[in-house]
Amino acid sequence: MATTSKPQSRTASPQKTAAKPNKGPIVVHVVHANAVAINFSISSDALRESIPQGLTIDHYKGDTFVSLVCMELKRVPFCGLPIVPRFCELSLRCFVSERENPQHKGVYYLKYYTSSKFGSWVLGNLIPHQPQQLSIKANNKIVGQNPPELDYQWKVEGHDNRLRIRGRDQIVRRESAGKLEFILAHSSRYLSLKGQTTAYDVSRPKWVLWDAAQANFTCDVRRLFGKKYVKPLAARPVSVFLSAGSPVALHKSRTLGD
């Protein structure tokens, strides 16, 4: 029940506004392509023990979300040349902000898989984290300005898993603080390695997004992400969106607390 309090007679001291950290120099350009994000509600208690130092769970009107994201990575550079063959990425992320700078928001990778051993090794030299391996195949259909049809398949201990999404209508982007813009505002990426939390900031153009007309989602959540995520990811998603993606710039990593 809402309550109303009387104004205080004392004069409030001005609050300091935390400035966003500079993104720093760009260290690599890649292409994020054919991305799909399925967003689910989850309790803060289920996430709290997984959040590393320097970060805090971010909420939208009291609600907490995790996002299952699958995409292709293209033009990942090796020795300065974008010659790494395209490969797939599957991740489970949650939305966080920095404790010492709450205006700086991003996603923390709870679990992170890639389909290429070589691509994983290259990424591990670009960002301070080594993704786990998972054989993921993509059969995506992107034709002009038509809604995308994305199809990702992988196996877990011999069992078929599939994420098949067909786009419907282009989403009209608004500047209002809605649920979609809350999710998209979390642009930085956070990873934890050897007790340190590392951020790498991302710059990219504004993506064209589509909502989903039809979805087929079969995933062994327990084996891929853990028991506590089984029930949340079995519920109806709060949102699903697709994008053909774009080039992305990754900035020099920074360690929280430095």
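For the structure itself, look to the data block above.
J.: I would appreciate a short explanation of the overall build of the protein in the present structure.
T.: Tallying secondary structure elements over the protein gives five helices and 17 strands in all. Expressed as a percentage of its 258 residues, the buried residues of the protein come to 45%. For the protein, contacts bridging at least 24 residues in sequence account for 71% of all contacts bridging at least 6.

J.: Would you mind going over empty space enclosed by the protein with me for this structure?
T.: A water-sized probe, rolled over the atoms, reveals where empty space remains. Using the criterion set out here, one finds one cavity of 30 Å³ or more in the structure. One number sums up the size of the largest cavity: a volume of about 90 Å³. As for the largest cavity, its lining consists of eleven residues, and the residues nearest its centre are His32, Glu89, Tyr112, Tyr200 and Leu250. Sorting the residues of the lining of the largest cavity by element identifies strand S1 (26-42) and strand S7 (105-114) as the ones contributing at least two each. A class-by-class count of the residues in the lining of the largest cavity yields eight nonpolar, one polar and two charged.

J.: Just to check I follow, could you spell out unusual backbone geometry for this structure?
T.: Residues other than glycine predominantly adopt negative phi, and peptide bonds predominantly adopt the trans conformation. A positive phi angle, near 50°, is found at Asn34, a position not held by glycine. Note that Asn34 resides in strand S1. Phi is positive for Glu157, close to 50°, though the residue is something other than glycine. In this structure, Glu157 sits in the loop between strand S10 (149-156) and strand S11 (159-170).

J.: What exactly am I supposed to notice about the packing of aromatic side chains here?
T.: For the structure shown, the criterion picks out six aromatic pairs. With a centroid separation of 6.3 Å and an interplanar angle of 35°, the aromatic rings of Phe40 and Phe217 are classed as tilted. You can see Phe40 sitting in strand S1 and its partner Phe217 sitting in strand S15 (residues 210-218), a full 177 residues away along the chain. With relative accessibility at 1%, the residue Phe40 sits in the buried group. Arranged with centres 5.9 Å apart and planes meeting at 55°, the rings of Phe95 and Phe182 form a pair that is tilted. Note that Phe95 is positioned in strand S6 (residues 87-98) and Phe182 in helix H3 (residues 179-184), a separation of 87 residues in sequence. Here Phe95 falls in the buried class, since its relative accessible area comes to 2%. Of the aromatic side chains, those joined through ring pairs into one cluster are Tyr60, Phe65, Phe95 and Phe182. The lysine or arginine in question, Arg204, covers the ring of Trp207, its NZ or CZ lying 4.2 Å from the ring centre.

J.: Would you explain the layout of surface pockets in this entry?
T.: There is about 470 Å³ of room inside the largest pocket. What lines the largest pocket is a set of 27 residues, among which Ile183, Leu184, His186, Arg189 and Arg204 lie closest to the centre. Split by residue class, the lining of the largest pocket holds 14 nonpolar, seven polar and six charged. Ile38, Ala215, Arg236, Pro237 and Val240 are the residues nearest the centre of the second largest pocket, which is lined by 13 residues in total. Listed by contribution, the elements that provide at least two residues to the lining of the second largest pocket are S1, S15 and strand S16 (239-251). Here the element with the most residues in the lining of the second largest pocket is S15; it accounts for three residues.

J.: Help me out: how do you make sense of the environment of Thr255 in this one?
T.: Tracing the chain through its elements places Thr255 in strand S17 (residues 254-255). Of the residues examined, Thr255 reaches a relative accessible area of 21% and is grouped as partly exposed. Considering only alpha carbons, one finds Thr255 and Leu191, 64 residues apart in sequence, at a separation of 9.7 Å. Discounting chain neighbours no more than four positions away, the residues touching Thr255 are Gln196, Thr197 and Thr198.

J.: Would you mind going over the environment of Tyr229 with me for this structure?
T.: Tracing the backbone through its elements, the reader meets Tyr229 in the loop between helix H4 (221-225) and helix H5 (230-234). Expressed as a C-alpha distance, the spacing of Tyr229 and Ile42, which sit 187 residues apart in the sequence, is 8.3 Å. Ignoring sequence-local partners within four residues, the contact set of Tyr229 consists of Ile42, Leu47, Ser50, Leu92, Leu110 and Val221.

J.: Looking at this model, I keep getting lost on the pairing of strand S3 (residues 64-74). Mind explaining?
T.: One face of the sheet, then the other: side chains in a regular strand alternate in exactly this way. Most of S3 is tucked away, with ten of its eleven residues classed as buried. Sheet topology places S3 next to S6; eight bridges connect them, and they run antiparallel. Among the inter-strand pairings, Met71 is bridged to a residue of S6, identified as Glu89.

J.: Would you explain the pattern of salt bridges in this entry?
T.: Two side chains of opposite charge can pair, provided their charged atoms sit close to one another. Applying the stated rule across the entire model yields twelve salt bridges. Of the charged contacts, one joins Lys105 and Asp58 as a salt bridge, the two residues approaching to 3.0 Å between their closest N and O atoms. Highlighted residues: Lys105 in strand S7 and Asp58 in the loop between strand S2 (55-57) and S3, separated in sequence by 47 residues. Lys105 gets classed as partly exposed once you look at its relative accessible area, which sits at 28%. Of the residues examined, Asp58 reaches a relative accessible area of 10% and is grouped as buried. The closest approach of N and O atoms between Glu157 and Arg223, which form a salt bridge, is 2.9 Å. Of this pair, Glu157 sits in the loop between S10 and S11 while Arg223 sits in helix H4; the two residues are 66 residues apart in sequence, bridging distant segments of the chain. A relative accessible area of 61% places Glu157 in the exposed class. Because the salt bridges share partners, they merge into one network encompassing Glu98, Asp201 and Arg254.

Each value, and the rule that gives it
Residues numbered from 1 in each chain as written. Predicted model: local features only at pLDDT ≥ 70, side-chain atom pairs only at ≥ 80, totals over all residues. Heavy atoms only, no water. Helix = DSSP H or I, 4+ residues; strand = E, 2+ residues; numbered from the N terminus. Buried < 20%, exposed > 50% of the residue type's maximum accessible area, 1.4 Å probe, protein only. Contact = heavy atoms within 4.5 Å. 1 Å grid on protein atoms, 1.4 Å probe; cavity = no way out; pocket = protein on both sides within 12 Å on 5 of 7 lines; lining within 4 Å. Points joined across faces, edges and corners; volume = space filled by probe spheres on them. Nonpolar A, V, L, I, M, F, W, Y, C, P; charged D, E, K, R; others polar. Phe/Tyr/Trp six-rings, centres within 6.5 Å; stacked < 30°, edge-to-face > 60°. Lys NZ or Arg CZ within 6 Å of the ring centre and 35° of its normal. Pairing = 2+ DSSP bridges. Salt bridge = Lys/Arg side-chain N within 4 Å of Asp/Glu carboxyl O.

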